[in-house]
Amino acid sequence: MQEASLLELRGIEKRFPGVLALNNVDFTLQSGEIHALMGENGAGKSTLIKILTGVYPMDGGSVTVEGKKVHIASPQDAQNNGISTVYQEITLCPNLTVAENMYIGRDKGLMVKQKDYEKRADEILSQLQIPARARQQLGNCSLAVQQMVAIARAVDMQCKVLILDEPTSSLDDKEVNMLFSLMRDLKARGVGIIFVTHFLEQVYEVCDRITVLRNGELVGEYLVEDLPQVQLVAKMMGKELEELNSLSETEEKKSATGETFYEAEDLSSSAAFPFNYSIKKGEVNGFTGLLGSGRSESVRAIFGADKVNSGTVKVKGKPVKINKPIDAMKNGIGYLAEDRKRDGIISELSVRENIILAMQVMKGFWRPISRSEQEAFADEYIKALNIKTASRETPIGSLSGGNQQKVILARWLLTHPEYLILDEPTRGIDVGTKLEIQKLVLKLAEDGVSVTFISSEVEEMLRTCSRLIVMRDRHIVGELTGSDLNQAQVMKTIAGGEAKNNE
Amino acid sequence: MSKKRSIGQILGPLAIPLIAIGILVIFNLIRDPEFFSIVIKHNNDGNAVLAGNLISIVNGASELAILAMGMTIVTAACGGQDISVGAAAAIAGSMFVKVLKSVQEITGVTVVLAFLAACVIAMIFGAFNGTLVAVFKIQPMIATLILYTCGRSIAYWINGGATPSVESSILNAWGSFIPGIPIPTPVLIVILMAIIFGLLFKFTSLRLFTQSVGINESAAKLNGINATWIKLLSFIILGVCVAVAGTIGVSRLGLINHETLLLDVEMDTILAVAIGGNSLGGGRFRLSGSIIGAYVIQMLTITLYAMKVPSTDVKAYKAIVIVILVVIGSPVVKKKFSKFVGDLRRKRAARSENSEKGAA
Amino acid sequence: MEDFKIKKREPFSDTKLLMTITICIFFGMYILAMIFLKGGFLHFQQIGDLLNDNTSLIIVACALTIVMIGGGIDISVGAVTSLVVMSCVMYLNSGGNIFVSILLALGIGLAFGVVQGFLISYLEIQPFIVTLAGMFFARGMTTILSDNPQKVEHEGFKELMSSRIEIPWLGYTANNGNKIPFRLEIGVIVAILCVIAVFFLLRKFRLGRNFYAIGGNQTSAMMLGINVKRTRFLSYVISGLLCGIAGYCFMMHTGAGNATNAAGMEMNAIASAIIGGTLLTGGVGSVIGTFFGTMTLTTIKKIVVSSGLNDPWWQSITTGGMLCFFIILQSVVLKRRQKKRVL
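Each chain has its residues counted from 1, following the order in which its sequence is written. As a convention, the first chain written is A and the first ligand written is 1, with the rest following in written order. Per-residue local features of the predicted model are confined to residues with pLDDT of at least 70, and side-chain atom pairs are confined, for both listing and counting, to 80 or more; whole-chain, interface and lining totals are unaffected and use all residues.

A. Molecular detail of the overall build of chain C. Helix and strand labels come from DSSP, where a helix needs a run of H or I of at least four residues and a strand needs a run of E of at least two; each type is numbered from the N terminus. When you go through chain C residue by residue, the secondary structure sums to 14 helices and 4 strands. Atoms counted for the radius of gyration: C-alpha only. Globule rule: 2.2 Å times the number of residues to the power 0.38. Computed over the C-alpha atoms, the radius of gyration of chain C is 21 Å, within 12% of the 20 Å expected from 2.2 N^0.38 for a compact globule of 343 residues. Each principal axis of the C-alpha distribution contributes one length, and for chain C these read about 70 × 50 × 35 Å. We call two residues in contact when the distance between their C-beta atoms, placed using the backbone, is within 7 Å. Look at the contacts in chain C between residues 6 or more apart in sequence, and 76% of them connect residues 24 or more apart.

So, in structure tokens, the structure goes:
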């Protein structure tokens, strides 16, 4: 029973300027085991993985592989120690063949042993039952197969530890099954697999053990059969289930009454399954669920940010077409995106320019806002939201993440929307401002603005929303109102159980 | 405190072109203190005009400066370069001449009409390039390779295979001097274009939208900006600049030669944009930087001529200067340099610390 | 699980598909020319002429193919070729020997390749600017060497220039009844050897496959263990070397050094590569495709002349039109392929 574990991490510590990303974290992996690593945003999952793969150096702690202490200072070191990683974004070259992708960069010879590679590749591919041929161009294979080829490469390099970083995010059910078969095969060969994911049901389908991190600390390591889903969710969100049940009920929020501002039937996009949705004037609702459950995709479909495939939409009772963001904006909808770096900030432009951007787009090309007006708006919101910036002309890229977020928030508030969608507006913001934002949301609702508030922290949503739409694994699984609006019920619904809405 | 910052902010990105001009000016003054003297001569029509090296530089760079303005917008929005501007200018110039040759008498009105015709055709070809880039998502350099290949031949075809000349005092005024005004007209046109762009920036959201699309296209789209249209517009604006530059070029000589008009100007134009501190990958831009960049290039050329370097060798020297400029500006070199400076500072701090300790 | 049957016939890779399209269009075009234009097209010598006249373009296009596959661009190739010609002509005229002149040609090309490669790869300066400067520099140096055209006086070289490979049975009968054999310049053999060499480099050698990798996805290539900087550097070095060879072939064809030699060759080479299915974005391309791209480009000019469009502007306009056709075709084909893949 006390045989040496395949991989042991003890006391791992990692600091970044201003934040302790990992604090005394332990992790153990046995050979022939599929071990899930789970945690919400900021939990430290990706930092831990990057330390294991040699991308970051650790500040404290030890790593032991098969009983021997190792020092991993670079990706090369990690590979030499038998640790291979397959990332969410394919790190292969889609323009080369499958066989080449498996062997490129590993050989030292002058010539390429084409036939050799193809033969060996075909062998491995059939052993692992991967539906691809060695001579196919990788880019012609589906994403799932590309991922499996990446795994095949790792296997061929005789990896002992295989890290799969969110491999199933872009796969459909059939492809996920294919991947799981492969994983079980590897498990039988003695490979230890670290499976980083946020898909609850998948964890229970294929994993043996689960390690949960939260806020850079180890919450615990559990055998899958010992941890029911509800408890897992509670641990990830930092609450004990018993603790939740004993919390006094929060003040019942009255559901909003009044006319419906927006409704959608059978709305689907390139990233969201068809769903029905509506929100009333002055209502605050929220989408809750674990990371990756489809919350952002749903609101993006509402805003027209992704390619809309189907659905009828009505605003204030009138049918409208919302296929692109400007359509939504013209109908009084605003959207603060989840990924502010990619979808929010225009990094080299000033705070002022970022604040007035959406409003300017709505006013049109030919009616520029005068410089003095821009400065007045910028100053107003810098003050109102307490944005810390050297001046309104500072490039937004040099502000801290939290302040950047405030600027984007200001941008949308400036457009005086009738329906504001906030996707993780409090991520990376200090506690004081978090409360301010929540107060702001309630005030907006009082003024008749509809708000959708998405946050990973359920307490925030419970404090502000009168209705919570629960999502799991890309589907809506429940809607909670009134007395159901408490943490325990939310956890239960996310985890699965009662309160399932029929699709 | 904020005033100091704002001057630094204004001049910062213009550092390289201004330093380049500074170096060239000092170099020339050392060599020949009279280099920049401006004299008053009398030109062929007996009018008093300004002349001298400084005037040559500023005058000769006019087409380049105008093209650089348009190229800056295209680069900013699309992240690539248009290598067909010379060929397009030849087309515009040919259309200009064709219209002029088809009227009985060249009057002010006919010149304006001819110019408009040149504008329209340049804008059409600009839209062609713009469509390839914005709609078909083809890289700008590849898309404009098409016009680069056949543009001058199209120009040739427009005039039926001739290189016709046009004689007119009005054209003379457009290309060299307006009687009574001692400053060469092309220089005035550059100023006019700069003013027009300034007005464009003031009365529309062009700058904001263009920069947004260039810096972060997906964020720009999520804010409702129609990126396709912005990119197309940038090419059409460049088309107008091309028409202006082409007609100036024709008016200078009084004839249109499709082969030689603004030959190889595209490379100089891209260089002007780069020297002006603009990123060739798109995003934030400074029109003033590109204009200064155009003058830098011209000044370099004139300086070399003044040093009696034969015109054929000028290219080699230009190359050396360019390489020096980009090497200094390269991110790797900058990093190494700042590391070097940082190490020096640390050493100095450590040394003073030690001497303090020693003293204590 | 059973639904995932491997397709019986593998779809073409991007590279192969584009190359095949080009080859088909070339042969289609040529056959139509043979049918409708007759004349010179019926003689095999036509192809011989095409090859003879364009040896340096073929070689330079190969150079550009390598660089473009690696995701870069080199617009100095024409100027470097011209510099090589001028240098070698002047060297030979001053009493040099042929062997050394070959070394000189290779040396100049190599020097440009090394310097440009260093600036682009290790100092991370944009390839467009670096090779633009290279182009300026090379053109300037050419005229510094000599303002006036220089003709080759070297006897040995003149012999080399005029020697031909003759294949009688591929020849044709002239109007006056003489049998004229098929004639190829020596430069053509050099060019074909270059094409074959580059073909093997790109197919069979690790370095060649690495070019595809860094052009396909630079980050992935790095994570897969490829030394991206060194690979990119070598792509420019090889390109420079090929320019040296191209310059020598140019000299064998024209026998004179001239400041305007190879003017615009870089754009013709890029066009040939594009027509042949090489993408500027990198990772896709083949030297066989480029070869046929060059042939297509040069054949179009002959077709235009033969069909009676004598005005000098038609050649460029049809070339431009063809380029437009291929560019749009490529973008459409690849976009459709990408759509199918992601889902």
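B. Here's a closer look at the overall build of chain A. Along the backbone of chain A there are 18 helices and 20 strands. Buried residues are those with 20 or more other C-beta atoms within 10 Å of their own C-beta, exposed residues have 12 or fewer, and partly exposed residues lie in between; C-beta atoms are placed from the backbone. Counting all 503 residues of chain A, 49% fall into the buried class. Excluding contacts between residues fewer than 6 apart, the proportion of contacts in chain A whose partners are at least 24 apart in sequence is 68%.

C. Just the environment of Gln146 of chain A, in detail. All names here are of chain A. Mapped onto the fold, Gln146 is located in helix α5 (residues 143-156). The exposure class of Gln146 is buried, given the 21 C-beta atoms found within 10 Å. When sequence neighbours within four positions are dropped, the list of residues in contact with Gln146 reads Ile90, Leu92, Leu138 and Cys141.

D. Molecular detail of the nonpolar core. In this structure, Ile91 and Ala122 of chain B together with Val60 of chain C are the most contacted members of the largest nonpolar core, which totals 369 residues. By residue number, the principal contributor to this core is helix α11 (residues 228-254) of chain C, which donates 15 residues. Ala122 of chain B has contacts with Ala88, Ile91, Ala92, Gly239, Val240, Val242 and Ala243 of chain B, leaving out every residue within four places of it along the chain. Note on terminology: a nonpolar core is a set of buried residues of type Ala, Val, Leu, Ile, Met, Phe, Trp, Tyr or Cys, with members joined through C-beta atoms within 7 Å.

E. Just the sheet that holds strand β10 (residues 217-223) of chain A, in detail. All names here are of chain A. Two strands qualify as a pair provided DSSP detects at least 2 bridges between them. With respect to topology, 6 strands assemble into an open sheet ordered β6-β7-β8-β3-β9-β10, the strand pairing being mixed. Because the sheet does not close on itself, it has two edges, and the strands there are β6 (83-86) and β10. Going across the sheet, the axis of each strand differs from the next one's by a mean of 20°, ignoring polarity. By the bridge criterion, 4 bridges tie β6 to strand β7 (residues 161-165) in an arrangement that is parallel. Paired with Thr85 across the two strands is Ile163, which belongs to β7. Sheet strands touched by α5: β6 and β7. Its angle to β6, the strand with the most contacts, is close to 175°. Angles here are taken between N-to-C directions and fall from 0 to 180 degrees, while the axes themselves are lines fitted to C-alpha atoms, restricted in helices to the stretch in contact.

F. Highlighting the interface of chain A and chain C. Each partner contributes to the interface: chain A provides 29 residues, whereas chain C provides 27 residues. By residue number, the principal contributor to the side of chain A that touches chain C is helix α6 (residues 173-188) of chain A, which donates 3 residues. Side-chain classes follow a simple rule in which Ala, Val, Leu, Ile, Met, Phe, Trp, Tyr, Cys and Pro form the nonpolar group, Asp, Glu, Lys and Arg form the charged group, and the remainder, Gly included, forms the polar group. Taken together, the residues of the side of chain A that touches chain C break down into 13 nonpolar, 10 polar and 6 charged.

G. Examining the packing of helix α8 (residues 229-237) of chain A against helix α18 (residues 487-495) of chain A more closely. All names here are of chain A. Where α8 contacts α18, the axes come no closer than 8 Å and their chain directions differ by 120°. Our classification of the angle between α8 and α18 gives oblique. The crossing of α8 and α18 is right-handed. Contacts between α8 and α18 involve Gln229, Val230, Val233 and Ala234 from the first element and Met491, Lys492, Ile494 and Ala495 from the second. When grouped by side-chain class, the residues that make up the contact of α8 with α18 number 6 nonpolar, 1 polar and 1 charged. Angles below 35 degrees are treated as roughly parallel, those above 145 as roughly antiparallel, those between 65 and 115 as roughly perpendicular, and all remaining angles as oblique. Should the near helix be turned anticlockwise from the far one by less than a right angle, the crossing is left-handed, and should it be turned clockwise, the crossing is right-handed.

H. A look at the interface of chain B and chain C. Taken together, the contact pairs 38 residues of chain B with 34 residues of chain C. Listing elements by their share of the side of chain B that touches chain C, those giving two or more residues are α7 (140-158), α13 (265-275), α15 (314-329) and α16 (331-359) of chain B. Take the side of chain B that touches chain C: its biggest share by element is 13 residues, from α7 of chain B.

I. Main features of the sheet that holds strand β1 (residues 7-16) of chain A. All names here are of chain A. Pairing is antiparallel across the open sheet formed by 4 strands, whose spatial order is β2-β1-β4-β5. Each end of this open sheet is capped by a strand with a single partner; those strands are β2 (19-29) and β5 (68-70). Each neighbouring strand pair of the sheet contributes to a mean axis angle of 30°, computed without reference to strand direction. Alignment of β1 against strand β4 (residues 60-65), held across 5 bridges, turns out to be antiparallel. Residue Leu7 lies in a different strand from β4, and its bridge partner there is Val65. Against the sheet, helix α1 (residues 45-52) contacts β1 and β2, and its axis sits at roughly 65° relative to β2.

J. Fine view of helix α9 (residues 185-203) of chain B. Residues and elements named next belong to chain B. Expected helix span is computed as 1.5 Å times (number of residues minus one). Between its first and last C-alpha, α9 extends 26 Å over 19 residues, near the 27 Å set by a 1.5 Å rise per residue. Listed as buried for α9 are Thr185, Pro186, Ile189, Val190, Met193 and Phe197. Taken down its axis, α9 places every buried residue within 145° of arc, on the same side. For α9, the exposed residues lying more than 90 degrees away from the buried face are Ile195, Gly198, Leu199, Lys202 and Phe203. On its buried side, α9 packs onto α3 (53-60), α4 (62-78), α8 (169-175), α12 (227-253) and α14 (287-306). The arc in question is formed by the directions pointing from the helix axis toward the C-beta atoms.

K. Inspection of helix α4 (residues 77-93) of chain C at higher detail. All names here are of chain C. Between its first and last C-alpha, α4 extends 24 Å over 17 residues, near the 24 Å set by a 1.5 Å rise per residue. The buried fraction of α4 is high, at 14 of 17 residues. Positive backbone phi, at 100°, marks Gly95, one or two positions downstream of α4.

L. Quick look at the confidence of the model for chain C. Residue and element names in this part refer to chain C. Confidence scores labelled pLDDT are given residue by residue by the predictor and lie between 0 and 100. Here chain C averages 84 in pLDDT, and 94% of its residues register 70 or above. When pLDDT is averaged over each element of chain C, helix α3 (residues 55-69) comes out on top at 95 and strand β2 (residues 164-173) at the bottom at 73. This stretch, residues 1-8, has a pLDDT under 50; its non-local contacts, to residues over four places away or in other chains, come to 8 contacts.

M. Fine view of the environment of Ser205 of chain B. Relative to the helices and strands, Ser205 of chain B is located in the loop between α9 and α10 (206-215). Residues in contact with Ser205 of chain B, not counting those within four places in the same chain, are Gln360, Phe365 and Pro368 of chain A.

N. Spatial organisation of unusual backbone geometry. Of note in the backbone geometry, Glu166 of chain A takes a positive phi value of approximately 50° without being a glycine. With respect to the helices and strands, the residue Glu166 of chain A is situated in the loop between β7 and α6. Classification of Glu166 of chain A by C-beta neighbours within 10 Å gives partly exposed; the count is 19. Although it is not a glycine, Lys137 of chain B adopts a positive phi angle of roughly 55°. One can find Lys137 of chain B in the loop between α6 (108-134) and α7. With 13 C-beta atoms counted inside 10 Å, the residue Lys137 of chain B sits in the partly exposed group.

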